[in-house]
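Chain residues, written in single-letter form:
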Amino acid sequence: MACRCCMRLALLALLGVAVVSANTFLEKAPEPVPDPFDQVALLDRFEEALGSGQRQATEARLKDITEALAHTFATLPKNERGAVGTAGARYAIHRLFVQRHGWHVQGVAPEGEAWSSSSPTAALGEAVPGHVQDLLDKRFGSHGLDLHELAVLAATLENMIHAEFVQSLEATYEVYGESTEGMLDEASTERIVDSYMQAYVLGHNMSELTRQMVDRTYSRMDRILPLWQQTREFLRDVQREVAPGLSAFSFADVTRIVEAVSERYGQHQDSVECEDIQQKLLQLEEVGGTGRVKLHDFYASVRKHRFWQFREHPEFLKQAGVLDDSDPSSPRVIIPNYFNMPSNCFNPPTALYAICCIDKCEALIDHVESEIQAPHATPERIVRVVSALPSASVPANRTLHQELVARLERVAQQHDGVVPLHGRLFSQWMHFAYPRECPYPHAAGTTKLMSSEEWSQATGMKVSLMLADLERYVEQLHPVTEPTDWWQQQHGQHQVPPQHACDEETGTCMAMWQDVEELVDAGHWDITRKANQHVEGASSVGTVMLRALMLLAFVASSVMAIGGFVQQAHESFSASLTPGSACIKPALSKSTNCFV
């Protein structure tokens, strides 16, 4: 009996240790350290610098902007208090404005450099006093930004842009001699909204225009902007939606119309002008769906198809990161890089932002983020998500090319078996997975995103080629001979020509692949990865110990059961030898088995 009690106590002790060990090693990661900086304080700082009206407008936008940022924020690497760094904040805010409005905000949008090259507070410009910017930079640099603070900064930037809408509308009223205190009929309202929009798309500062200049532009707008009538239809649609059934309009009514128009114009432009560019490029695309157009076909389309806009100087295209010259004998235009080029943007009369074509890769990345919900994932997980994800040019539930999967596995090898979602290598992989939608990400510092005017000033050359120059390039690039013959003619008979950039049969163009990683926020990535590895390691050790302790518990239980059986047998046998035992029958020649 004493032996049995000891065994039971030992078993309970082992199970107790197993439970403690499991709880110790399988516990969740520690909660983020509470932020000593009160959330309301950031709003207070902006109210101090920009006024109470700015705060009210910011608070009105916070919920919507917070929800829009949530996916990206969840997948960015964070510090010990669950906040993103300034590089991650800049990246997230840029993507927010591109997806919502097609805006490239100055100081936030990339210009070919690393995301860590500047703070997102640079976009505040002179609107916020220097000492406030310094305070914010110091605070964000040491503590980072949580989701609330990130949304406050984004909402503040959006409201600053909205304030410029109102100023331009006030200047339009002044040009027409109308009072902001009075009421306008429907015809006058449409005329003011049209004139406001004409100045907006042409980049004119309304406060510098006279009534005569405005009237002249109004009468010639169809010739200045061929798609103006479509834009007018867009204006009327917004007006009917924002101010339905009104016959008289106050300044507040017109302001709501103008704000909605300005916010949505990026989407409208993308659906009309940018879509036109996209379709023309796809018409010229080389065989195989590579997302590339041979430079010869690009230039020849001006005369052949009257695609008048495809006249950019090759040096301008190269500096902007648009040319794939991995096969020098046949340079190619990368469709999504051309589509997202700054020269396809237009600048409203403001220094705060430009309106550009909406990056078609953004929706794809956003879906991947919503599925992964972490800063990284295994190659297998990413392949499952991307294989099921369709785009305008690829179907759902496709089988990714073997070479493409192998490249992703190589990326994971550089990062201990996982792929960071916000780094150059994953962006590069997405380009090859969706070559018509996702731009090729050049390494930082190898390209310079400049407007046409900036490039002309820097080089002294015109961006658009004259027709004679265009014809000369078409003749030089004409494939009159096989690429190998052309290369040897240019470089000598003994030179080995480069490998072709694209496999036209499979649609893969991997010659541009570079194993160069650039994480959006390398510092916070290291913090996040080490924390995850600590939790993963603890979980692994805990699992091993739990299994070992369970095995010991099983052995102890088995020993106890066998011991009990032996003890019972011994007691039965002893009883059989006792005189007068029921198991001994002298009258019988054969004894009864007491164990049956």
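Calculation criteria
Residues numbered from 1 in each chain as written. Predicted model: local features only at pLDDT ≥ 70, side-chain atom pairs only at ≥ 80, totals over all residues. Heavy atoms only, no water. Helix = DSSP H or I, 4+ residues; strand = E, 2+ residues; numbered from the N terminus. Expected span 1.5 Å × (residues − 1). Buried < 20%, exposed > 50% of the residue type's maximum accessible area, 1.4 Å probe, protein only. Polar contact = N/O pair within 3.5 Å; in protein donor to acceptor, adjacent residues only side chain to side chain. Core = buried A, V, L, I, M, F, W, Y, C linked by side-chain atoms within 4.5 Å. Contact = heavy atoms within 4.5 Å. pLDDT = per-residue confidence, 0-100. Axes fitted to C-alpha atoms, helices over the stretch in contact; angles between N-to-C directions. Parallel < 35°, antiparallel > 145°, perpendicular 65-115°, else oblique. Left-handed = near helix turned anticlockwise from the far one by under 90°. Nonpolar A, V, L, I, M, F, W, Y, C, P; charged D, E, K, R; others polar.

Student: Would you mind going over helix 7 (residues 186–202) in detail, with residue names and values included?
Tutor: Helix length check: helix 7 (17 residues) gives 24 Å between terminal C-alpha atoms against 24 Å at 1.5 Å per residue, within 8%. Those residues of helix 7 lying buried are Thr189, Ile192, Val193, Asp194, Ser195, Tyr196, Met197, Gln198, Ala199, Tyr200 and Val201. The residue sitting at the N-terminus of helix 7 and contributing the capping side-chain oxygen is Asp185; that oxygen lies 3.3 Å from the backbone nitrogen of Ala187. In the stretch just after helix 7, Gly203 is the one whose phi turns positive, near 75 degrees.

Student: How would you summarise the side chain of Arg292 if you had to cite specific residues and measurements?
Tutor: The topology assignment puts Arg292 in strand 4 (residues 292–294). Reaching out from Arg292, the side chain makes a polar contact with the backbone oxygen of Thr290 at a distance of 3.1 Å.

Student: Give a detailed account of the nonpolar core, specifying residues and quantitative values.
Tutor: Counting residues in each nonpolar core, the largest one holds 74 residues, and the members touching the most others are Met197, Tyr200 and Tyr353. The element that contributes the greatest number of residues to this core is helix 6 (residues 147–175), accounting for 14 residues. Excluding anything up to four places from it in sequence, Met197 contacts Trp228, Thr231, Leu235, Val261 and Tyr265. Formed by 33 residues, the second largest nonpolar core is a distinct cluster that contains Cys361, Ile372, Tyr434 and Cys438.

Student: Tell me about the confidence of the model for the chain, and please be specific about residues and values.
Tutor: Looking at the chain as a whole, the pLDDT averages 83, with 77% of positions reaching at least 70. Note on residues 5–30: pLDDT is under 50 here. Beyond four places in sequence and across chains, it has 24 contacts. Note on residues 581–596: pLDDT under 50 across the span, and 12 contacts to partners over four residues away in sequence or across chains.

Student: Provide a residue-level description of helix 3 (residues 52–75), including the pertinent values.
Tutor: Its 24 residues give helix 3 an end-to-end C-alpha distance of 33 Å, which sits within 8% of 34 Å, the value for a rise of 1.5 Å per residue. Buried residues of helix 3: Gln54, Arg55, Thr58, Arg61, Leu62, Ile65, Leu69, Thr72, Phe73 and Thr75, and no others.

Student: Residue-level account of the packing of helix 14 (residues 361–372) against helix 15 (residues 379–388), with values.
Tutor: For the pair helix 14 and helix 15, the least separation of the axes is 10 Å and the interaxial angle reads 130 degrees. Considering their axes alone, helix 14 and helix 15 lie oblique with respect to each other. In this structure, the crossing between helix 14 and helix 15 has a hand that is right-handed. Every residue of helix 15 that contacts helix 14 at His367, Val368, Glu371 and Ile372 is listed here: Arg381, Val385 and Val386. Its residues assigned to classes, the contact of helix 14 with helix 15 shows 4 nonpolar, 1 polar and 2 charged.

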